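Below are the chains, spelled out letter by letter.
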Amino acid sequence: PAPAGVPPSHTFTVSNPMGEALPLTVRFTNGEDFRLTAAATDGAPHRGPEALVLPPFGDLPLTLRYTPSAINMPAEVTISISNPQMGELLYEATGVGTPPDARAPAAPVAEVEAALGQPQSSAVSFTNPFGAPLTLSCRLEQPLATPGVPPSFRLLRKAASLVVHPKQTVQLPFAFQTEDMSERAATVLLDAKWEGRMLTWAYPLSGVAVSRPLLRPISLQTRARSPLAKQLVLPLPGLETGGEEFSLELDAEAETAELLSRTLRLTPATDLLEPTSLSVALEWSPLRPMRASAAIVVSKASGGRWRYELLLEAVEPEPDDVIQIAASLHKPAAVSFRLPNAFDTEVPFTAYFTPDSASVFSVQPAGGVLSPPADGGTLFTITYAPTEYGKPLRGRLVVSTAEVMWLYEVRGTHPVYQPPEVASSSLDLR
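Residues numbered from 1 in each chain as written. Predicted model: local features only at pLDDT ≥ 70, side-chain atom pairs only at ≥ 80, totals over all residues. Heavy atoms only, no water.

## What about the overall build of the chain?
Along its length, the chain carries one helix and 33 strands. Its C-alpha atoms give the chain a radius of gyration of 34 Å, more than 25% over the compact-globule value 22 Å for 430 residues. Burial statistics for the chain: of 430 residues in total, 39% are counted as buried. By sequence separation, contacts in the chain at least 24 residues apart represent 72% of the contacts at least 6 residues apart. Total accessible area on the chain is roughly 24,000 Å²; 52% of this is exposed by carbon and sulfur atoms. Each charge class in the chain can be summarised by its mean position, and for the 32 positive and 44 negative side chains these summaries are 5 Å apart. (Helix = DSSP H or I, 4+ residues; strand = E, 2+ residues; numbered from the N terminus. Rg over C-alpha atoms; globule rule 2.2 N^0.38 Å. Buried < 20%, exposed > 50% of the residue type's maximum accessible area, 1.4 Å probe, protein only. Contact = heavy atoms within 4.5 Å. Areas by Shrake-Rupley, 256 points an atom, 1.4 Å probe, with all protein chains shown as cover. Lys, Arg positive; Asp, Glu negative; His and termini not counted. Charge placed at Lys NZ, Arg CZ, Asp CG, Glu CD.)

Structure representation (structure tokens):
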């Protein structure tokens, strides 16, 4: 059973036992009520059945979505997935549409954030699931406002008799505004009469007051592997009373979130919020050069958030060591050393000389797996092969993993010339 207008889904997997990619042909017996999609491997939006490819020796997760177009009438579908080399796979599914339940949400909570005293708009989407036009009446339910204070939510579209054509999607905009650091809830209710029956769809809303007190981001800079400690005093405008619990978190971009979670620590000076500021100890120990944007978010237990933007930059670390190699012209010399990972796990690495290094230096291996300390680390060999005499040459060797960077200064010299010692002679030259 599935409420009309609230399409459920079911995910299943198709496996490829062959070592080559297999384009799939998909056929439906009921494309009106059912739709098949697959998540793209590169993070792109879902693909339709016309673009499905089964990877070599791999699996392809498929999602079947059911959108009932009738109430209390079973709908059936047979899905054929085939390839000349793989053969044909048949799947059958049955669904029954039911009336929507006004007590159950028709969609996830639509959350909107607004600055104090400033309206912020958003919208909920409704798709007519039926094969005939539907006349909607839109209303808003929310707790009674304090006398003299306007309601936090309001509808931006008059929808007393909104006609929605079959399978058409309409946007129902609303606005949220609050004068205090709080969180408010409301529900958009859509009423319609269908085949003599009154139907109601419920769309929950959540509005949160968000304050951004700082005019510019907090800038933090240090060298990689040089810990930075800083005491931050974060203003809390709009906090009128104290003694309330809160949470403190770091909101970072997806590509740097995991790395920052390991290297940046925030410790508030108190467990309860008090006007007019919050003191937070920040400790950042970056292990490799990086630039990142993030934000400190303070959330009040009763609702309301303060957001403080951060700009973090870790520049190149100081060299871990200076390695000297002496070699004669056209006679390469080598030096070896072991380097373990900073953590007790194996991790992929790359090793290379920076572009400003002399071309007479090379390193092996240039990539592989860096062993943990318990295994003694990975052996690296630096070779110096001078081709001409002159001033000492220099290079900078980098060994890098996803989390740590090591830097070595390498100096190439020539052996010190030792003139031969002439033994005393008994030859008389007179």
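## What about the side chain of threonine 378?
Secondary-structure assignment places threonine 378 in strand β31 (residues 378-384). In this structure threonine 378 comes out as buried when scored by relative accessible area, which is 12%.

## Things to note about the environment of leucine 407
Tracing the chain through its elements places leucine 407 in strand β33 (residues 405-413). Given a relative accessible area of 1%, leucine 407 falls into the buried group. Through-space distance from the C-alpha of leucine 407 to that of arginine 154 is 59 Å; in sequence the pair is 253 residues apart. Not counting chain neighbours up to four residues away, the residues in contact with leucine 407 comprise Glu316, Pro317, Pro319, Asp320, Asp321, Arg396, Leu397 and Val398.

## Let's talk about the packing of aromatic side chains
If you walk through the whole model with that rule in mind, you get 11 aromatic pairs. Considering the side-chain rings of phenylalanine 337 and tyrosine 408, the 5.1 Å spacing of their centres and the 50° angle between planes classify their relative orientation as tilted. In this pair, phenylalanine 337 is assigned in strand β27 (residues 333-339) and tyrosine 408 in strand β33, connecting sequence segments 71 residues apart. Geometrically, the ring pair formed by phenylalanine 349 and phenylalanine 380 is edge-to-face, given 5.2 Å between the ring centres and 70° between the ring planes. (Phe/Tyr/Trp six-rings, centres within 6.5 Å; stacked < 30°, edge-to-face > 60°.)

## Considerations on the sheet that holds strand β19 (residues 228-235)
Taken in spatial order, the three strands line up as β19-β23-β21 in an open sheet, and their pairing is antiparallel. At either end of the open sheet lies a strand with only one pairing partner, and these are β19 and β21 (264-268). On average, adjacent strands in this sheet sit at an angle of 25° to one another, irrespective of strand direction. Here β19 runs beside strand β23 (residues 277-284); their pairing, made up of eight bridges, is antiparallel. Bridge pairing in β23 links leucine 232 to valine 280. (Pairing = 2+ DSSP bridges. Axes fitted to C-alpha atoms, helices over the stretch in contact; angles between N-to-C directions.)

## A word on the sheet that holds strand β30 (residues 367-370)
The sheet built from five strands is open, its strands ordered β26-β33-β32-β28-β30 with mixed pairing. Strands at the two margins of the open sheet, each flanked by one partner only, are β26 (321-326) and β30. Shown here is a sheet whose adjacent strand axes are inclined to one another by a mean of 30°, direction ignored. Pairing analysis gives six bridges linking β26 to β33, with the strands arranged parallel.

## Notes on the environment of alanine 192
With respect to the helices, strands and loops of the structure, alanine 192 is situated in strand β16 (residues 183-194). With 136 residues separating them in the primary sequence, alanine 192 and serine 328 have C-alpha atoms 91 Å apart.

## Here's the deal with helix α1 (residues 254-263)
Here α1 has its buried residues at Thr256, Leu259, Leu260 and Thr263. Buried positions in α1, seen along its axis, are confined to an arc of 100° and lie on one side of it. Residues of α1 that are exposed and angled more than 90 degrees away from the buried face: Ala254, Glu258 and Ser261. In this fold, the buried residues of α1 make contact with β20 (244-252), β21, β23, β24 (290-300) and β25 (305-315). (Arc of directions from axis to C-beta.)

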